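Geometric and topological summary
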Amino acid sequence: MRYTTKRKSEATDQMKNGTFKTTTRTTSKAAPVVSTAIAVEQNKDLLQQRLSPLRSLTLSSATCHVDDVHNNQVQKHQQQQPHQHYQRHHQHKLHEKPQVTKLSGHTTLQQLPRRQLTAVAIVMCLYMVSDLVSLANGLANCPNSCQCDDDTLVVKCGEGTLDVLPIALNPSIQRLIIKNNKIKTIDSPIQFYAELTFLDLSYNDLVTIHQRTFAYQRKLQELHLNHNKIGQITGKTFIGLSALSVLNLRGNLLAELEDTTFSPLGKLEELNLGQNRISRISEKAFEGLINLKVLYLDDNTLTSVPVSENFRSMPNLAELYLGTNSFMTIPAEAFSELKGLTRLDLKGAGLHNISAEAMRGLEGVRYLDLSDNRLQHIPQAAIAHLERLEELSLGQNDFSVISSGAFVGLKNLKRLEITGAQRLRRVENSAFTTNSNLEYLNLSTNKMLSEIQENAFTGLPHVKHIILKGNQLTTLTEGFSSWSDLHTLDLSDNPLICDCELLWLRSLLFAKNGSSEQILGVVCTSPASLKGKALNAVTPSMLGCSHADAKQQFLLVILLVVSAAAITILALVVYTSRRKIRELLKGGWGNPALGRKEREYQKTFSDEDYLTRQPQIPCPLTSNAPYATSSSGYSQQALQYMDSRPIPVTEL
């Protein structure tokens with residue numbers, strides 16, 4: 001009695017501390033089981049997650065064979081103890097065993113002592129938990145073609161032959177990727193994985209998605225169903241996806257979009273509907289997509305730009321892809337509701353013409369792709385007001401000339417690509433003068449482009465890359481003053497004629513040698529003697545230049561210009577002073593102070609004539625002279641006059 005009380009007290013204390021150990025003779029059997037119970041308690045949360053599909057099981061449905069356990073314990077103890085000793089000291093214990101019947105269904109305990117009742121209850125629970133854990137581990141099977149990581153909760157299945165969604169995966173997985181298989185339906189199995197945040201079922205054989213298929217995927221953020229065979233979606237297809245931000249339906253068989261198709265997706269930011277067969281979009285198809293930022297409608301069968309009511313439901317749309325459709329033209333103010341649009345892709349939209357009002361409302365757009373259309377002219381009027389435009393692509397169109405000021409108004413343009421324009425022949429002077437911020441210019445693969453006028457690239461102080469690859473250029477002039485500042489100049493695949501006009505380019509090649517800047521493809525095509533030779537391997541004399549040094553040529557040109565200017569000025573001076581020069585030549589180089597009137601007077605009267613024309617005044621020899629009685633004043637004047645000598649005209 002004292003022994004039993006002591007053991008009972010110790011068991012009670014151990015149970016309070018959470019470290020119960022059996023004190024009966026079955027200790028060797030029960031100890032590892034109890035330690036398992038402690039481990040289960042420590043990982044209670046993880047166990048609850050893994051056993052969530054089995055929560056319906058109850059203790060009453062478990063089966064515990066306590067009598068078998070008791071018999072095994074007794075037999076083991078009998079092997080360890082002498083038979084006589086066991087019968088003498090423990091025979092009364094064996095008589096207590098029939099009081100415990102076989103536990104099946106609802107267990108009945110009859111007249112069981114309190115100590116043994118506690119031990120039996122613990123053993124029952126531990127065996128039940130062990131069975132349930134084994135069952136859960138058995139369910140969490142990973143298919144052969146998949147990689148299952150219980151630490152990161154990611155399952156990734158490569159290319160294979162799976163035709164249904166596995167149901168035995170860990171129900172707590174967060175990312176499930178099953179691509180390039182043959183899955184045809186996901187309706188029922190997807191309900192087992194309510195913790196998913198990422199689901200990729202692209203490149204499978206999905207045909208139909210039933211209503212409320214994703215009703216339990218309230219944590220799903222990205223859903224990729226691209227490149228399947230889905231032919232229809234409705235407003236009830238995506239019920240439950242309240243947290244979805246990315247939906248990819250590219251490459252399916254969708255033909256139309258009904259009203260409120262995407263209304264349950266209030267948090268959707270990116271919607272990809274490209275490469276389908278969409279020909280009709282209802283006015284309210286995009287209703288509810290107030291957070292949508294990126295929309296792909298490219299590569300469908302649309303014949304007109306979606307009406308403004310469609311865009312009104314997406315006030316925050318930033319990127320719109322409408323290429324590879326059959327629009328022909330764009331109506332006026334078609335995008336006026338998209339005030340926040342920054343990228344518009346109309347590549348391959350079948351456009352023949354763009355009206356001046358087509359781009360109204362897109363003042364904030366920064367990236368515009370109009371390539372691969374049928375434009376006969378650069379739509380200067382339509383794009384002139386896009387002041388924030390930074391990148392423009394106009395390749396693969398039908399215009400033949402890039403005229404002067406073709407891109408007026410595009411002050412912030414940094415990148416311009418005009419490639420593959422099969423009819424482009426000429427780039428005129430000042431074509432890019434107003435685009436002073438241009439940094440990258442690509443005019444490659446225009447098979448008929450043979451003329452770039454001398455000042456075509458003027459006004460580009462910031463340009464760093466000019467790509468002229470694959471054209472029909474035979475020469476290139478030095479009219480552009482910033483060639484030396486380029487990081488890249490590509491002239492490959494052009495039929496260049498190596499003559500003295502390319503001497504400046506040869507000098508540039510030597511100046512860039514060893515630097516990080518690249519000048520590519522400068523190879524002579526003609527004359528025949530230089531065919532196939534790199535320009536930097538040709539001497540100036542081989543180019544037919546008399547002055548090898550470009551600086552000498554420059555100085556010679558300056559000298560000629562100065563000489564011509566001096567001769568011109570001298571001719572003007574001679575012409576304006578022709579009369580004076582004539583008079584000087586006729587009158588000799590006498591006194592320079594002699595005036596014209598004096599010279600004429602001198603011609604009329606000589607010195608001798610001047611003397612003969614003086615008045616004859618008689619000298620008063622006697623007092624009887626006739627003039628003796630004249631007045632004294634007169635006599636004084638006469639004397640003064642006589643005393644004065646004649647003064648020649650030349651001394652006046």
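By convention here, each chain's residues receive numbers from 1 onward along its written sequence. Selection of residues for local features in this predicted model requires a pLDDT of at least 70, selection of side-chain atom pairs for listing and counting requires 80 or more, and totals for whole chains, interfaces and linings are taken over all residues. Only heavy atoms go into the side-chain values, all of them from the structure, while hydrogens and water stay out.

1. As for the overall build of the protein chain
Helix and strand counts for the protein chain come out as 14 helices and 26 strands. Per-residue burial over the protein chain gives 35% buried out of 652 residues. Two residues form a contact once any of their heavy atoms are found within 4.5 Å. Counting only contacts in the protein chain whose residues sit at least 6 apart along the sequence, the fraction spanning at least 24 positions is 55%. Helix and strand assignments follow DSSP, with helices taken as H or I runs no shorter than four residues and strands as E runs no shorter than two, numbered in order from the N terminus. Relative accessible area decides the class of each residue, using a 1.4 Å probe on protein chains only: under 20% of the type maximum gives buried, over 50% gives exposed, and in between gives partly exposed.

2. With respect to unusual backbone geometry
Following S526, the chain continues to P527 via a peptide bond in cis, the omega torsion being 0°. Take P527: it is sitting in the loop between β26 (524–526) and α10 (550–576).

3. Considerations on the packing of aromatic side chains
Working definition: a ring pair exists when centres of Phe, Tyr or Trp rings (six-membered ring for Trp) sit within 6.5 Å. Plane angles under 30 degrees give stacked, over 60 give edge-to-face, the rest tilted. With the rule as written, the count across this model stands at eight aromatic pairs. Ring plane angle 35° and centroid distance 6.2 Å describe the contact between F311 and F335, whose orientation is recorded as tilted. Highlighted residues: F311 in helix α7 (residues 308–312) and F335 in the loop between β12 (329–330) and β13 (343–345), separated in sequence by 24 residues. Residue F311 shares its accessibility class with F335, and that shared class is buried. Consider the rings of F432 and F457, whose centres lie 6.2 Å apart with planes at 15°: the pair is stacked. Taken as a pair, F432 in the loop between β19 (426–427) and β20 (440–442) and F457 in the loop between β21 (451–452) and β22 (465–467) lie far apart in primary sequence, 25 residues in all. F432 gets classed as buried once you look at its relative accessible area, which sits at 0%. Above the ring of Y367, the side-chain terminus of R343 is found at 4.3 Å from the ring centroid. For the cation-ring pair, R415 lies above Y440, with the distance from its terminal atom to the ring centre recorded as 3.8 Å. Over a ring means this: the NZ of a Lys or the CZ of an Arg is within 6 Å of the ring centre and within 35 degrees of the ring normal.

4. A word on the state of the cysteines
Covalent bonding between the sulfur atoms of two cysteines defines a disulfide. Two cysteine sulfur atoms make up a disulfide if the distance between them is within 2.5 Å. Taken as a whole and assessed by the stated rule, the structure comprises four disulfides. Two residues, C142 and C148, share a disulfide whose sulfurs are 2.0 Å apart. The sign of the 85° torsion about the S-S bond sets the C142-C148 disulfide as right-handed. Judged by its relative accessible area of 35%, C142 is partly exposed.

5. Re the pairing of strand β3 (residues 175–178)
Here four bridges tie strand β2 (residues 154–157) to β3, and the two strands are oriented parallel to one another. Bridging from a neighbouring strand, C157 pairs with I178 of β3. For two strands to be treated as a pair, DSSP must find no fewer than two bridges joining them. Here three bridges tie β3 to strand β4 (residues 198–200), and the two strands are oriented parallel to one another. Considered in β4, the bridge of I177 is made with D200.

6. Quick look at the environment of I230
By the element assignment, I230 lies in the loop between β5 (222–224) and β6 (246–248). I230 gets classed as buried once you look at its relative accessible area, which sits at 0%. Residues contacting I230, with those up to four places away along its chain left out, are L206, V207, I209, L225, L249, N252, L253 and L254.

7. Quick word on a nonpolar patch on the surface
There is a patch of nonpolar side chains on the surface, built from L570, V574, I581 and L585 and spanning about 380 Å² of accessible area. Elements with a minimum of two residues in the nonpolar patch: α10 and α11 (578–587). Summarising the element assignment, L570 is placed in helix α10. Residues enter patches when their relative accessible area tops 30% and they take part in no salt bridge; the joining distance is 9 Å for like charges and 5 Å for the nonpolar side chains Val, Leu, Ile, Met, Phe, Trp and Tyr. Calculation of accessible area relied on Shrake-Rupley with a 1.4 Å probe; when residues are assessed, cover is drawn exclusively from the protein chains displayed. A pair is scored as a salt bridge if a Lys or Arg side-chain nitrogen falls within 4 Å of a carboxyl oxygen belonging to Asp or Glu.

8. Focus: the pattern of salt bridges
Tallying each qualifying case throughout the model produces eight salt bridges. Across the pair E256 and R280 runs a salt bridge whose closest N-O atoms are separated by 2.8 Å. Here the residue E256 occupies a position in strand β7 (residues 256–257), and R280 occupies one in strand β9 (residues 280–281), the gap between them amounting to 24 residues. Classification of R280 as partly exposed rests on a relative accessible area of 41%. Measuring nitrogen to oxygen at the nearest pair gives 3.1 Å for the salt bridge that ties R426 to E428. A residue is classified by how much of its surface remains accessible, and R426, at 25% relative accessible area, is partly exposed.

9. Overview of the nonpolar core
As a rule of thumb, nonpolar side chains are buried together in soluble globular proteins. Definition of nonpolar core: a set of buried residues of the types Ala, Val, Leu, Ile, Met, Phe, Trp, Tyr and Cys, connected through side-chain atoms within 4.5 Å. Ranked by size, the top nonpolar core spans 123 residues in total, and within it F407 and F457 carry the most contacts. For this core, the secondary structure elements donating two or more residues are β2, β3, α8 (380–383) and α9 (503–512). Segment limits for the domains were obtained from an automatic or database-derived domain assignment. No fewer than three residues from each of domain 1 (143–300 + 310–324) and domain 2 (327–495) sit in this core.

10. Some words on the side chain of N170
With respect to the helices, strands and loops of the structure, N170 is situated in the loop between β2 and β3. For N170, a relative accessible area of 8% puts it in the buried group. Throughout this description, a polar contact denotes any pair of N or O atoms lying within 3.5 Å of each other; where both atoms belong to protein, one of them has to be capable of donating a hydrogen while the other can accept it, and for residues adjacent in sequence the pair is counted only when both atoms sit in side chains. At 3.2 Å, the side chain of N170 forms a polar contact with the side chain of D150.

11. Side note on the sheet that holds strand β17 (residues 401–402)
The strand order β17-β19-β21 describes an open sheet built from three strands, whose pairing is parallel. Where the open sheet ends on each side, the last strands, each with one partner, are β17 and β21. Bridge count between β17 and β19: two bridges; the pairing is parallel. For V401, the partnering residue across the bridge sits in β19 and is R426.

12. Notes on the confidence of the model for the protein chain
Per-residue confidence for the protein chain gives a mean pLDDT of 77; residues scoring 70 or more make up 66%. Confidence scores labelled pLDDT are given residue by residue by the predictor and lie between 0 and 100. Below pLDDT 50 for its whole length, residues 49–74 participates in 36 contacts with residues either more than four positions away or in separate chains.

13. Focus on a negative patch on the surface
Residues scored as charged are limited to Lys and Arg (positive) and Asp and Glu (negative), so that His and the chain ends carry no count. All charge positions are set by atom: Lys at NZ, Arg at CZ, Asp at CG, Glu at CD. Judged by side-chain charge, E258, D259, E283, E287 and E309 come together as a negatively charged surface patch. With relative accessibility at 32%, the residue E258 sits in the partly exposed group.

14. Concerning a positive patch on the surface
On the surface, a cluster of positive charge is contributed by R578, R579, R582 and K586. Residue placement: R578 occurs in helix α11. Residue classification places R578 among the partly exposed positions, given a relative accessible area of 39%.

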